[in-house]
Amino acid sequence: MDRNMENNLAQLKKSRRPGQLRLLFAIILVIVAVIWSWAGTGFSIPAIMRGVPRIYNFIIDDLIPPRFDSWQKFLNPTLQTLYMAYVGAIFAIILSLGLGIISANNLISNRLIVYLGRGISSFLRAVPAVAWAVILVAAVGLGPFAGTIAIALGGAGMLGKTYADSLEEIDMGQVEALKAVGASWFQVLTQAVLPQFLPDFFTWSFYRFDLNIRSAAVVGLVGAGGLGFSLDTAIRLFQFREATMGILWIFGLILIVEFITAKSRDKILEGL
Amino acid sequence: MKQKDVLIKISDLKKSFPGGTEALKGVSFDVYRGELLVIVGASGAGKSTLLRCINGLSAISSGSIVVDGIEVNGLKGKKLRQLRTDVGMIFQSFNIVNRKRVIDNALHGRLAYYGLRGVLGLYSFEDKKKAFEILARLDLEKQVAKRADQLSGGQKQRVAIARAIMQEPKVLLADEPVASLDPGASSKVLGYLHKICQEEDITAIVSLHQIDYARNYADRIIGLTEGVVTFEGGPEDLDDEAIQELYFNEEEEE
Amino acid sequence: MKKVNNPLNEKEFKALISKRKDNLFYLIILIFMTFFLFFSLSQMNINPARVIRGFSTLSDLIKNMFPPDFGQLSRLWPLAIESIQIAILGTVLGIIFSITLSMFAAKNLTPIPGLGVILKGFFAFTRAVPALVWALLFITAVGLGTLPGILALGVNSIGMLGKVFSESFENINKATIEGLNSTGASRMQVFFQGVVPETIPIILSWSLFRFDINIRYSSILGVVGAGGIGWELVRASRMRDYPALLMVILVILVMVYAVEQFTGYARRVVR
């Protein structure tokens, strides 16, 4: 090997070193985390091995085929899931518009208010919707009312943050120009801020509605109404084929809603 | 010069930023009613800051700015907005609302007169007609119903001029209005600006860094170097020696 | 002053600047949305009186939550750890299976063309059925405990990661694969030497994102009995032990926040 080649190889090794070190460290970290979790949860290969045939048998013997004649049982819960998701989305959007505006540091000059707004959003966001549902069921009783509010609160946390982030990215030149014509704060908001914010607003709000359908389908598992409640009942009564039907309803509802929201979002965005 | 009637009086104006940089170090001059005053100077000389102080977009540190008898320093809320209706402003980056139509952008100039109706963007038919007329005078009559983001840079700046004229201002501030435009569009925009200010009898303060444009359109020129007025006179007085002096400091810095 | 004559007559001018057609479109949507809102509210029997009553009972409940029961901390702590461990194993399981399955789901890599379509349908299904429902099913099959929780998160993760991984495999440069193929590399060699290195940033960032999601899910899996801290939520609320309920929520908050900080840091390092 000539000297030049040796140099090149040394350089090649050097160039790879920092990245490789980091990669090695990450791999070790993941392996340690997996072993730690493995030991902690009592996860074991034999348990999986025993589990797989049981799951297989459960699917083949108990779940399939779905009891299609029970479809009517899930019609009302499906509609209720849709209502919860929709009303929850509207409430969340209204709440988050206020929250988003006070959390945007380019619209509010008072730092304290901005921190407060951001704090409320991240608190609402960090508590899962199902946890909200547990609390609300305790407070207002079983049924979709608790679920709706739980979904609204969880959604407001996410939308409050995303709205604020979008608002902070608008072009402030347009805002300044309207301030310079003597426009009031509210006029600046609707005439300069809103036109720039609308596309993001619609994108995030529709996305939230999609997510709400998923949340609405599970809050019933803790008694907050909708498909989750019927599904839980069916499984508790060992009516597994009915449960499969319920799962198909959830799948269908999510697919249909995602299709409709995608279409209407595109339609609205292109009209803006 | 037409009249020697003072519209704006700036005395010992100082402005420093939170970081400690002193942008304006005691600037004093008068602006006469009806004139087109050009402020020249290198970038960073304080031209933008000076203009932004006149309509209160930047708060001044000390000194005084009197616009048509009203002290700008310390104005707040409604009184500040009232002052701003008398002072139109044009920006280097146009700052028109891209997602609104051209006519809506022109009508933004009337917002201060509208209150809640302005929040909803509802304007009187008279104002809409007036907006159309002004846009037509700027040769934008074919563009009125287009969205602003479909326009070229020069057209956007003309929309911004229309918005400012809709305010019926006493004075128009233009902060490097052609710095983002190519030479062809630049002289066109400055031509429109000059013409419409004359026709409407509006006093204009225009900051420029191109000397030849300043010579072409100015009634009077003020030169700014590092926050200090270093030249004041007619366009004929701005000879090579004066230019050398104006831009000398910048070269030394580099 | 120079006057410019309006080149259009009044009617033409009004038509030119009118937005009536656009406004009508949005008005119809707004009316429909409002109608559907009130319809939904009435279908769920939600009315102002109930809302007011609900908020007063809710504020009573919140008052009863304070101060949080810090005495529970020593008991809750191990359960929070268990939730994190469930999330780790569920995520790792999901990543391994989704990468493997994506090899067969990506149009440009799959050995059997029809398989891609079937796998993508499988991804869509596992993604659409929520993690908590998967947990419920796995509990029925293998019994209560952490195992159904891990499996539920794993299966739900496969749905999402499988979709993004197979799509990112499909988007890689065709020349890379052809180049490696021309050297006589085997299918596995092409995958690990060509496809994986090109898509590793996408794989890492989505895996981290999925870990964030799984932490949130694992904190509530317990409500159906799939391990972790979630069961404590249900237990405290059933026993009307509201200070304990608040403590559970605080622990979940700290857990979610801590993991979010970690993944945020990891994401910056990856970039």
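Residues numbered from 1 in each chain as written. Chains lettered and ligands numbered in written order. Predicted model: local features only at pLDDT ≥ 70, side-chain atom pairs only at ≥ 80, totals over all residues. Heavy atoms only, no water.

A. Broad picture of the packing of helix H5 (residues 129-140) of chain A against helix H10 (residues 230-238) of chain C. Contact geometry for H5 of chain A and H10 of chain C: axes closest at 10 Å, N-to-C directions at 10°. Here H5 of chain A lies roughly parallel to H10 of chain C, going by the angle between them. Listed contacts from H10 of chain C to Ala131, Val134 and Ala138 of chain A of H5 of chain A are Leu233, Val234 and Ser237 of chain C. Tallied by class, residues from the contact of H5 of chain A with H10 of chain C come to five nonpolar, one polar and no charged. (Axes fitted to C-alpha atoms, helices over the stretch in contact; angles between N-to-C directions. Helix = DSSP H or I, 4+ residues; strand = E, 2+ residues; numbered from the N terminus. Parallel < 35°, antiparallel > 145°, perpendicular 65-115°, else oblique. Contact = heavy atoms within 4.5 Å. Nonpolar A, V, L, I, M, F, W, Y, C, P; charged D, E, K, R; others polar.)

B. Quick look at the confidence of the model for chain B. Averaged over chain B, the pLDDT score is 88; the fraction of residues at 70 or greater is 96%. Overall, residues 250-254 of chain B carries pLDDT values under 50, and its contacts beyond four positions in sequence, including any with other chains, amount to three contacts. (pLDDT = per-residue confidence, 0-100.)

C. Layout of the interface of chain B and chain A. Contacts between the two partners involve 29 residues from chain B, matched on the other side by 20 residues from chain A. Both faces combined, the contact of chain B with chain A buries some 2000 Å², and carbon together with sulfur accounts for 56% of it. Counting the contacts that link chain B with chain A gives one salt bridge. When the shortest N-O distance is used, the salt bridge between Arg52 of chain B and Glu176 of chain A registers 2.6 Å. For the pair chain B and chain A, the number of links is ten residue pairs in polar contact (both at pLDDT 80 or more). Those elements that place two or more of their residues in the side of chain B that touches chain A are helix H2 (77-86), strand E6 (87-90) and helix H4 (116-119) of chain B. The dominant element in the side of chain B that touches chain A, judged by the number of residues it contributes, is H2 of chain B, at three residues. Looking at the side of chain B that touches chain A, its residues break down into twelve nonpolar, ten polar and seven charged. (Buried area = accessible area lost by both parts, 1.4 Å probe. Salt bridge = Lys/Arg side-chain N within 4 Å of Asp/Glu carboxyl O. Polar contact = N/O pair within 3.5 Å; in protein donor to acceptor, adjacent residues only side chain to side chain.)

D. A look at the sheet that holds strand E8 (residues 203-208) of chain B. All names here are of chain B. The six strands lie next to each other as E6-E7-E8-E3-E9-E10, forming an open sheet whose pairing is mixed. Each edge of the open sheet carries a strand with a single partner, namely E6 and strand E10 (228-233). Across the sheet, the axes of successive neighbouring strands diverge by a mean angle of 20°, strand direction being ignored. (Pairing = 2+ DSSP bridges.)

E. Local environment of the interface of chain A and chain C. Residue-level contacts link 58 residues of chain A with 63 residues of chain C. Here chain A packs against chain C, burying approximately 5300 Å² in sum over the two surfaces, 82% of which is carbon and sulfur. Between the two partners, chain A and chain C, sit six residue pairs in polar contact (both at pLDDT 80 or more). A total of nine residues in the side of chain A that touches chain C trace back to one element, the largest contributor, which is helix H1 (residues 3-41) of chain A. Across the side of chain A that touches chain C, the residue classes break down as 45 nonpolar, seven polar and six charged.

F. Here's a closer look at the nonpolar core. With 203 residues, the main nonpolar core has Val38 and Leu193 of chain B together with Leu132, Val223, Val224 and Leu233 of chain C as its most contacted residues. When residues of this core are assigned to domains, at least three fall in each of domain 1 (3-59) and domain 2 (73-271) of chain A. Look past the residues within four positions of Leu233 of chain C in its chain and what remains in contact with it is Ala131 and Val134 of chain A together with Ile220, Val223, Leu245, Val248, Ile249 and Ile252 of chain C. Membership of the second largest hydrophobic core comes to 33 residues, among which are Ala180 of chain A together with Leu37, Ile60 and Val72 of chain B. (Core = buried A, V, L, I, M, F, W, Y, C linked by side-chain atoms within 4.5 Å. Buried < 20%, exposed > 50% of the residue type's maximum accessible area, 1.4 Å probe, protein only. Domains from an automatic or database assignment.)

G. Representation of the pattern of salt bridges within the structure. All names here are of chain B. This model, assessed by the stated rule, comprises 31 salt bridges over all chains. The closest approach of N and O atoms between Asp149 and Arg147, which form a salt bridge, is 2.7 Å. When its relative accessible area of 34% is taken as the criterion, Asp149 is described as partly exposed. Beyond isolated ion pairs, a larger network of salt bridges with shared partners links Asp5, Arg33, Asp68, Asp86 and Lys170.

H. Representation of the side chain of Arg158 of chain B. Within the secondary structure, Arg158 of chain B sits in helix H6 (residues 153-166). Despite its burial, Arg158 of chain B pairs with no opposite charge; the closest candidate is Asp139 of chain B, at 5.4 Å N-O. (Lys, Arg positive; Asp, Glu negative; His and termini not counted.)

I. A look at the sheet that holds strand E4 (residues 62-67) of chain B. Residue and element names in this part refer to chain B. If you walk across this open sheet you meet the four strands as E2-E1-E4-E5, and the pairing is antiparallel. On the outer flanks of this sheet lie strand E2 (22-32) and strand E5 (70-71), each paired with one strand and no other. The pairing of E4 with E5 spans two bridges and is antiparallel. Across the sheet, the residue bridging to Val67 is Ile70, located in E5. Sitting on the sheet, helix H1 (residues 47-54) is in contact with strand E1 (6-16), E2 and E4, with an inclination near 120° to E1.

J. A nonpolar patch on the surface, seen in detail. Together, Leu23, Ile27, Ile31 and Ile35 of chain A make up a nonpolar patch on the protein surface, roughly 390 Å² of accessible area in all. By the secondary structure assignment, Leu23 of chain A is in helix H1. (Patch = residues over 30% accessible without salt bridge, like charges linked within 9 Å, V, L, I, M, F, W, Y side chains within 5 Å. Areas by Shrake-Rupley, 256 points an atom, 1.4 Å probe, with all protein chains shown as cover.)

K. Quick peek at helix H6 (residues 144-168) of chain A. Taking 1.5 Å of rise per residue, the 25 residues of H6 of chain A would be expected to cover 36 Å, and the 35 Å separating its terminal C-alpha atoms lies within 8% of that figure. Of all the 25 residues making up H6 of chain A, 22 are buried; the element is thus mostly covered by neighbouring parts of the structure. (Expected span 1.5 Å × (residues − 1).)

L. A look at the pairing of E8 of chain B. All names here are of chain B. Extensive coverage of E8 is indicated by the burial of six of its six residues. Taking every second residue as pointing to the same face, both faces of E8 are buried, with Thr203, Ile205 and Ser207 on one and Ala204, Val206 and Leu208 on the other. Bridge analysis of strand E3 (residues 36-40) against E8 gives five bridges, and the strand direction is parallel. Across the sheet, residue Val40 finds its bridge partner in E8, namely Leu208. When strand E7 (residues 171-175) meets E8, the two strands line up parallel, connected through five bridges. Of the residues in E8, the one forming a bridge with Leu172 is Ala204.

M. Seen up close, H5 of chain A. Residues and elements named next belong to chain A. Relative to the 16 Å expected for twelve residues at 1.5 Å per residue, H5 spans 16 Å between its end C-alpha atoms, a close match to the ideal helical length. Within the sequence span of H5, burial applies to Ala129, Val130, Ala131, Trp132, Ala133, Val134, Ile135, Leu136, Val137, Ala139 and Val140. One or two residues past the end of H5 sits Gly141, with phi positive at roughly 90°.

N. Inspection of the packing of aromatic side chains at higher detail. Enumeration according to the criterion identifies 25 aromatic pairs over all chains in this entry. When the centroid spacing of 6.3 Å and the interplanar angle of 85° are considered together, the rings of Tyr86 of chain A and Phe209 of chain A count as edge-to-face. Taken as a pair, Tyr86 of chain A in helix H3 (residues 75-102) and Phe209 of chain A in helix H8 (residues 185-218) lie far apart in primary sequence, 123 residues in all. Take Tyr86 of chain A and Phe209 of chain A: they sit in the same class, and that class is buried. Taking the centre distance of 6.1 Å and the plane angle of 25° together, the rings of Trp134 of chain C and Phe138 of chain C count as stacked. Of this pair, Trp134 of chain C and Phe138 of chain C both sit in helix H6 (residues 131-142), four residues apart, which is roughly one turn of that helix. Aromatic rings pair up to connect Tyr83, Tyr86 and Phe209 of chain A together with Phe32, Phe35, Phe36 and Phe39 of chain C into one cluster. One cation-aromatic arrangement involves Arg110 of chain B over Tyr113 of chain B; the distance from NZ or CZ to the ring centre is 4.2 Å. (Phe/Tyr/Trp six-rings, centres within 6.5 Å; stacked < 30°, edge-to-face > 60°. Lys NZ or Arg CZ within 6 Å of the ring centre and 35° of its normal.)

O. Region of interest: unusual backbone geometry. Following Phe66 of chain C, the chain continues into Pro67 of chain C via a peptide bond in cis, with omega recorded as -5°. Among the secondary structure elements, Pro67 of chain C is positioned in the loop between helix H3 (48-65) and helix H4 (73-105). Positive phi is not limited to glycine here, since Asn95 of chain B has a value of about 50°. Looking at the element boundaries, Asn95 of chain B is found in the loop between E6 and helix H3 (102-107). Of note, Glu168 of chain B is a non-glycine position whose phi angle comes to about 50°, a positive value. Looking at the secondary structure, you find Glu168 of chain B in the loop between H6 and E7. Residue classification places Glu168 of chain B among the partly exposed positions, given a relative accessible area of 48%.

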